[in-house]
Amino acid sequence: MKSICVFCGSSFGTLEAYAEAAKTTGRVIAENGYRLVYGGAKVGLMGTVADAALAAGGEVIGVLPKSLEDKEIGHEGLNELHLVGSMHERKALMADLSDGFIALPGGVGTLEEIFEVWTWGQLGYHEKPCGFLNIEGYYDHLLSFLDHQTQEGFTKKVMRDMAQVALTPEGLIDQFEKYKAPSTPKWIKKDET
Ligand code: AMP
């Protein structure tokens, strides 16, 4: 794996632990020789993760829709900042450039982004790992709901288990390095459980 994409809040959230986790994530990605791909903004946790990766000597690529350039305030210190025509182009380019996807704490934008790449993995469009960094239990309720979906028969266990979960970026990256995508994507085998 050469590039890790981080999805995270354009806000900081309430706990200092979220910003600390974003700092550690950026640093750990860089120190482990990975390139950071992210949404290109300098606000909230997005800016924090990028600044930390740059400070640790890492390479950082941002992808920002032109329409959000002012609103999200593009980061001027990146190795590359791609300005694209739409949110769809942004997510497609981020997915193409990346070999794994981490969701740090964030809002609905963060959820949309990680769920989209996870569902692409479910369909067999890629075999890249997706995971949640569960800082201070931020994702506990979401993970419980995902278990509920599985119990209620809307998500297959093999698909539910694709989502990696860890308490530290080191732990998540270690899981990513060992990750093997399910051999049969969702739509190939109807009876897969
Ligand atoms: P948030 O987690 O809501 O703070 O947003 C984090 C990132 O997700 C920001 O870069 C937003 O531009 C992006 N985002 C917000 N809404 C959407 C959406 N509907 N689809 C894709 N990305 C989004």
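Everything that follows concerns the structure shown earlier in this document.
Report follows, based on the coordinates. (Residues numbered from 1 in each chain as written. Predicted model: local features only at pLDDT ≥ 70, side-chain atom pairs only at ≥ 80, totals over all residues. Heavy atoms only, no water.)

### Section: the packing of aromatic side chains
To keep things clear, this is the line we draw: Here is the rule: rings of Phe, Tyr and Trp (six-membered ring for Trp) pair when centre to centre is within 6.5 Å. Planes less than 30 degrees apart are stacked, more than 60 are edge-to-face, and the remainder are tilted. Helical segments are the DSSP runs of H or I of at least four residues, strand segments are the runs of E of at least two, and each set is numbered from the N terminus. Throughout, exposure labels follow a simple rule: accessible area from a 1.4 Å probe, protein chains only, divided by the maximum for the residue type, with under 20% read as buried, over 50% as exposed, and the rest as partly exposed.
Tallied over the full model, the rule gives 7 aromatic pairs. For the pair Phe7 and Phe101, a centre-to-centre distance of 6.2 Å together with 5 degrees between the ring planes defines the contact as stacked. Highlighted residues: Phe7 in strand S1 (residues 3-7) and Phe101 in strand S5 (residues 100-103), separated in sequence by 94 residues. Of the residues examined, Phe7 reaches a relative accessible area of 4% and is grouped as buried. Every member of this aromatic cluster is reached through a ring pair, and the members are Tyr18, Phe115, Trp118, Phe132, Tyr138 and Tyr139.

### Looking at the site of the ligand
For clarity, the threshold we go by: A molecule or strand has a residue near it when one of that residue's heavy atoms lies within 4 Å. Counting of polar contacts relies on pairs of N or O atoms within 3.5 Å, with two restrictions inside protein: one atom must be capable of donating a hydrogen and the other of accepting it, and residues adjacent in sequence are counted only when both atoms are side-chain atoms. Residue-level accessible areas treat just the shown protein chains as cover; the underlying method is Shrake-Rupley with a 1.4 Å probe. Charged means Asp, Glu, Lys or Arg here, nonpolar means Ala, Val, Leu, Ile, Met, Phe, Trp, Tyr, Cys or Pro, and polar covers whatever is left, Gly included.
Not every one of the 16 residues close to the ligand is listed here, only the nearest: Ser10, Glu72, Arg90, Gly107 and Thr110. The side chain of Ser10 places a nitrogen or oxygen atom 2.7 Å from an oxygen atom of the ligand. Taking Gly107, its main chain carries an N or O atom lying 2.7 Å from an oxygen atom of the ligand. Protein chains shield 78% of the accessible area of the ligand, which is 490 Å² for the free molecule. For the shell around the ligand, the elements supplying multiple residues, two or more each, are helix H4 (87-97) and helix H5 (108-122). Looking at the shell around the ligand, the element that brings in the most residues is H5, giving 5 residues. Residue composition of the shell around the ligand, by class: 5 nonpolar, 6 polar and 5 charged.

### Brief notes about helix H1 (residues 16-31)
Note the following rule: The span you would expect from a helix comes to 1.5 Å times its residue count less one. Every residue pair with non-hydrogen atoms within 4.5 Å of one another is taken to be in contact.
For H1, built from 16 residues, the straight-helix expectation of 22 Å at 1.5 Å per residue is met to within 8% by its first-to-last C-alpha distance of 23 Å. All of the buried residues in H1 are Tyr18, Ala19, Ala21, Ala22, Thr25, Gly26, Val28, Ile29 and Ala30. In the core, the buried residues of H1 are packed alongside S1, strand S2 (35-38), helix H2 (44-55), strand S6 (130-133) and helix H8 (169-178).

### A look at the packing of H4 against H5
What counts here: Axis definition: a line fit to C-alpha positions, over the contact stretch in the case of helices; interaxial angles, taken between N-to-C directions, run 0 to 180 degrees. Under this scheme an angle from 65 to 115 degrees is roughly perpendicular, one under 35 degrees roughly parallel, and one over 145 degrees roughly antiparallel; angles in between are oblique. Two helices cross in a left-handed way if the nearer one is turned anticlockwise from the farther one by less than a right angle. They cross in a right-handed way if the turn is clockwise.
Closest axis-to-axis distance for the H4/H5 pair is 11 Å, and the angle between their directions is 60 degrees. Of the possible angle classes, the one that applies to H4 and H5 is oblique. Remark: the crossing between H4 and H5 carries right-handed chirality. Taking contact as the criterion, the partners of Arg90, Lys91 and Ala95 in H4 are, on H5, Glu112, Glu113, Glu116, Val117 and Trp120.

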